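Listed below are the residues making up each chain.
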Amino acid sequence: MNTENAVKTAGGFFVIILIGALLAAVAGGAFGALVATISPEFVTGLFNKTAESGIVRYAVAVGMIWGVFIGAAVSGFACFLAAVIKMLRIRFEYQKERTGR
């Protein structure tokens, strides 16, 4: 594996992590808005927020922040697993070539 392929692979993984985190942020914000719209008392009690007028916006912001954290972690873990699988595949192919099968 040459350096150019490694850089392309790392760049691709970074883009996947970035897109996954942003999609998770949107999903988290939508979930926060839904919860705050259905039950503003729950969100007020959960975050100790006293202003009723901005509770939905506050819930969207908190949901987006947690969505970014969770999305980045899950996407990063998935890319890590993909890298490990690729390294194992390269190792097995090398061993197969070496034995002549």
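As a starting point, this report considers the structure included with it. (Residues numbered from 1 in each chain as written. Predicted model: local features only at pLDDT ≥ 70, side-chain atom pairs only at ≥ 80, totals over all residues. Heavy atoms only, no water.)

**What to know about the overall build of the protein**
Inference 1: A count of helices and strands for the protein gives three helices and zero strands.
Inference 2: In the protein, the order of α-helices and β-strands from amino to carboxyl end is α-α-α.
Inference 3: When the 101 residues of the protein are sorted by exposure, 19% land in the buried category.
Inference 4: Long-range pairs, those at least 24 residues apart, make up 63% of the contacts in the protein with a sequence separation of at least 6.
Inference 5: As presented, the protein carries roughly 7,600 Å² of accessible surface, and 71% of it is formed by carbon and sulfur atoms. (Helix = DSSP H or I, 4+ residues; strand = E, 2+ residues; numbered from the N terminus. Buried < 20%, exposed > 50% of the residue type's maximum accessible area, 1.4 Å probe, protein only. Contact = heavy atoms within 4.5 Å. Areas by Shrake-Rupley, 256 points an atom, 1.4 Å probe, with all protein chains shown as cover.)

**Brief notes about helix H3 (residues 55-99)**
Inference 1: With 45 residues, H3 extends 66 Å from end C-alpha to end C-alpha; this agrees with the ideal 66 Å at 1.5 Å per step.
Inference 2: Three or more residues of H3 are buried, namely Ile55, Ala59, Val62, Gly63, Gly67, Gly71, Ser75 and Cys79.
Inference 3: Looking at the residues trailing H3, positive phi occurs at Gly100, about 85°. (Expected span 1.5 Å × (residues − 1).)

**Some remarks on the side chain of Ser75**
Inference 1: By secondary structure assignment, the location of Ser75 is in helix H3.
Inference 2: A distance of 2.9 Å separates a polar atom in the side chain of Ser75 from the backbone oxygen of Gly71.
Inference 3: What Ser75 contacts, discounting residues up to four positions off in sequence, is Ile16, Ile17, Gly20 and Ala21. (Polar contact = N/O pair within 3.5 Å; in protein donor to acceptor, adjacent residues only side chain to side chain.)

**Here we look at the packing of helix H2 (residues 40-47) against H3**
Inference 1: Contact geometry of H2 with H3 gives a least axis separation of 10 Å together with a crossing angle of 60°. Judged by the inter-axis angle, H2 sits oblique to H3. Two packed elements cross with a definite hand, and for H2 against H3 that hand is left-handed. Contacts between H2 and H3 involve Pro40, Val43, Thr44 and Phe47 from the former and Ile55, Tyr58, Ala59 and Val62 from the latter.
Inference 2: Within the contact of H2 with H3, the residues separate by chemical class into seven nonpolar, one polar and no charged. (Axes fitted to C-alpha atoms, helices over the stretch in contact; angles between N-to-C directions. Parallel < 35°, antiparallel > 145°, perpendicular 65-115°, else oblique. Left-handed = near helix turned anticlockwise from the far one by under 90°. Nonpolar A, V, L, I, M, F, W, Y, C, P; charged D, E, K, R; others polar.)

**Details of the environment of Ala59**
Inference 1: Structurally, the position occupied by Ala59 is in helix H3.
Inference 2: The class of Ala59 is buried, set by a relative accessible area of 4%.
Inference 3: With twelve residues separating them in the primary sequence, Ala59 and Phe47 have C-alpha atoms 8.8 Å apart.
Inference 4: When sequence neighbours within four positions are dropped, the list of residues in contact with Ala59 reads Gly32, Ala36 and Val43.

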